[in-house]
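Survey of secondary and tertiary structure
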Amino acid sequence: MSAPSDAAAAVDTPAPTTAAASSSGGFTFKLHPLVIVNVSDHHTRVKAQAACSGDSSSSSSGAGAGQPPRVFGCVIGVQRGRTVEIFNSFELVLDPVSGTLDRAFLEKKQELYKKVFPDFYVLGWYSTGSDVHDTDMQIHKALMDVNESPVYLLLNPTINLSQKDLPVTIYESELHVIDGSPQLIFVRSNYTIETVEAERISVDHVAHLKPSDGGSAATQLAAHLTGIHSAIKMLNSRVRVIHQYLVAMQKGDIPMDNSLLRQVSSLVRRLPAMESQKFQDDFLMEYNDTLLMTYLAMFTNCSSTMNELVEKINTSYERPTTRRGGRGAFM
């Protein structure tokens, strides 16, 4: 199932050396909703981090004063003939001073994604903003050694309640002769939102997940952090009680209890009381490995839940194909 959508985030007054308003009919672009979700999540996280740090602008990212920094990343997918299908995306790292790409980070991400998705290739890159910037062409040219004709996906994060279409624009690059010299410019392209019924329902289901008690996610997080704070506070108070008891026993104010001392000694041996650098390195390594296994288990559980949801949706939409006028499965 596909739902057409126009390129709504067009450049109002494009510079002749940067972007062109004419559409190109060379390629057919199919954009999956996961890419839009990823770019929106990237922008939201960077905006929240900038608000927490008190830095609401970034000169290297091309954002104006009072605006959140722009975000950048790569889009990946497949190309079949003249049809380009964008499935997923990942973030990019830019040098804060020169604004150039971190090539080592890009190559590492390419290698990792190639192991998981061997059929996916880097099709281009994305950024946020309401307009095309002059520095965008520098990043575009830097990716030409990865893909000789990369695409540029621009998402406008500004909220416009009167706008019904998605604020997403896809650009191609073409060589035009301007003032007697060849120059590379951006050319806006048409695209469609490509999704099957199961994918659309799954994304909508995940986007509207709410706590079971009917409260908001922020309320649930606050309750969780409050519970952790109360647990740490109670642990601290009990440690103080044990410390005061041992000090009183050492002074002779209370009689010696060998059984209780053995329990306290056993408890203390469980704590990482060593202060050597080797112990700290080994402890942090074990701690990080444990966290990694926990995250992998969470991802596996989430993927399993998502697969079950997709299978249920596929099963519910299956129709017999032998009957005249019947419809087949969506997947």
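As the structure is a computational prediction, the values presented were derived from the model and not from experiment. (Residues numbered from 1 in each chain as written. Predicted model: local features only at pLDDT ≥ 70, side-chain atom pairs only at ≥ 80, totals over all residues. Heavy atoms only, no water.)

Moving on, we come to the overall build of the protein. The number of helices and strands found in the protein is seven helices and eight strands. Looking at the protein residue by residue over its 331 residues, the buried ones come to 28%. Intrachain contacts of the protein at a sequence separation of at least 6 include 65% that bridge at least 24 residues. As displayed, the protein has an accessible area near 21900 Å², and 57% of this comes from carbon and sulfur atoms. (Helix = DSSP H or I, 4+ residues; strand = E, 2+ residues; numbered from the N terminus. Buried < 20%, exposed > 50% of the residue type's maximum accessible area, 1.4 Å probe, protein only. Contact = heavy atoms within 4.5 Å. Areas by Shrake-Rupley, 256 points an atom, 1.4 Å probe, with all protein chains shown as cover.)

Counting buried residues along strand 3 (residues 72–80), seven of its nine residues qualify, which places the element largely inside the surrounding structure. Sheet topology note: the strand 3/strand 5 (residues 121–128) ladder contains six bridges and is antiparallel. Paired with Gly77 across the bridge in strand 5 is Tyr121. Bridge analysis of strand 3 against strand 4 (residues 83–91) gives eight bridges, and the strand direction is antiparallel. Of the residues in strand 4, the one forming a bridge with Val75 is Ser89. Count of turn residues in the strand 3/strand 4 antiparallel hairpin: two residues, of which Gly81 carries a positive phi of about 70°. (Pairing = 2+ DSSP bridges.)

It is worth spelling out the side chain of Glu172 at this point. Following the sequence through the fold, Glu172 ends up in strand 7 (residues 168–178). Although Glu172 lies buried, it forms no salt bridge, and the closest oppositely charged side chain, Arg82, sits 6.4 Å away as judged by the N-O distance. Engagement of the side chain of Glu172 in a polar contact is seen with the side chain of Ser189, the distance being 2.5 Å. (Lys, Arg positive; Asp, Glu negative; His and termini not counted. Salt bridge = Lys/Arg side-chain N within 4 Å of Asp/Glu carboxyl O. Polar contact = N/O pair within 3.5 Å; in protein donor to acceptor, adjacent residues only side chain to side chain.)

To continue, consider helix 6 (residues 258–269). Taking 1.5 Å of rise per residue, 12 residues should cover 16 Å, and helix 6 covers 16 Å from first to last C-alpha, within 8% of that figure. Where helix 6 begins, the side chain of Asp257 points an oxygen toward the backbone nitrogen of Ser259, at a separation of 3.3 Å. (Expected span 1.5 Å × (residues − 1).)

What follows is about helix 7 (residues 277–317). A turn of α-helix holds 3.6 residues, and therefore any two residues three or four places apart point the same way. In this model, helix 7 (41 residues) spans 60 Å end to end at C-alpha, consistent with the 60 Å of a helix rising 1.5 Å per residue. The set of residues buried in helix 7 consists of Val310, Ile313 and Asn314.

A few words now on a nonpolar patch on the surface. Taken together, the side chains of Leu292, Met293, Tyr295, Leu296, Met298 and Phe299 define a hydrophobic patch exposed on the protein surface, amounting to about 660 Å² of accessible area. Topologically, Tyr295 is positioned in helix 7. The partly exposed category is assigned to Tyr295, whose relative accessible area is 43%. (Patch = residues over 30% accessible without salt bridge, like charges linked within 9 Å, V, L, I, M, F, W, Y side chains within 5 Å.)

Looking now at the packing of aromatic side chains. By the definition in use, this model includes 10 aromatic pairs. Here Phe27 and Phe29 contribute two aromatic rings whose centre-to-centre distance is 6.3 Å and whose plane-to-plane angle is 45°, an arrangement assigned as tilted. Judged by relative accessible area, which is 1%, Phe29 ranks as buried. An aromatic cluster of at least three residues, connected via ring pairs, comprises Phe72, Trp125, Tyr152, Tyr171 and Phe186. Directly above the aromatic system of Phe27 lies the positively charged group of Arg82, at a separation of 4.1 Å from the ring centroid. Taking the ring centre of Tyr121 as reference, the NZ or CZ of Lys114 above it sits at 3.4 Å. (Phe/Tyr/Trp six-rings, centres within 6.5 Å; stacked < 30°, edge-to-face > 60°. Lys NZ or Arg CZ within 6 Å of the ring centre and 35° of its normal.)

Turning next to the nonpolar core. Judged by nonpolar contacts, the single largest core of 21 residues is most densely connected at Cys74, Phe90, Leu92, Trp125, Tyr152 and Phe186. Only strand 3, strand 5, helix 3 (136–142), strand 6 (151–155) and strand 8 (181–194) provide two or more residues apiece to this core. It is strand 3 that provides the largest number of residues to this core, a total of four residues. Excluding its chain neighbours within four sequence positions, the residues that come into contact with Phe90 are Gly73, Cys74, Ile76, Leu106, Lys109, Tyr113, Val122 and Tyr126. (Core = buried A, V, L, I, M, F, W, Y, C linked by side-chain atoms within 4.5 Å.)

Let's shift gears to the pattern of salt bridges. Per the counting criterion, the structure on display carries six salt bridges. For the salt bridge of Arg70 with Asp136, the shortest nitrogen-to-oxygen distance reads 3.0 Å. Taken together, the residues span a long stretch of sequence, with Arg70 in the loop between helix 1 (33–53) and strand 3 and Asp136 in helix 3 at a distance of 66 residues. Taken individually, Arg70 and Asp136 each receive the classification buried, so the pair is uniform in this respect. The salt bridge partner of Glu111 is Lys115, with a shortest N-O separation of 4.0 Å. Highlighted residues: Glu111 and Lys115, both in helix 2 (residues 103–116), separated by four residues, approximately one helical turn.

Moving on to the confidence of the model for the protein. When pLDDT drops low, the exact placement of atoms in the prediction is not to be read closely. Across the protein, the average pLDDT comes to 77, with 74% of residues at or above 70. The model gives residues 321–331 a pLDDT under 50, and that stretch makes 15 contacts with residues more than four places away or in other chains. (pLDDT = per-residue confidence, 0-100.)

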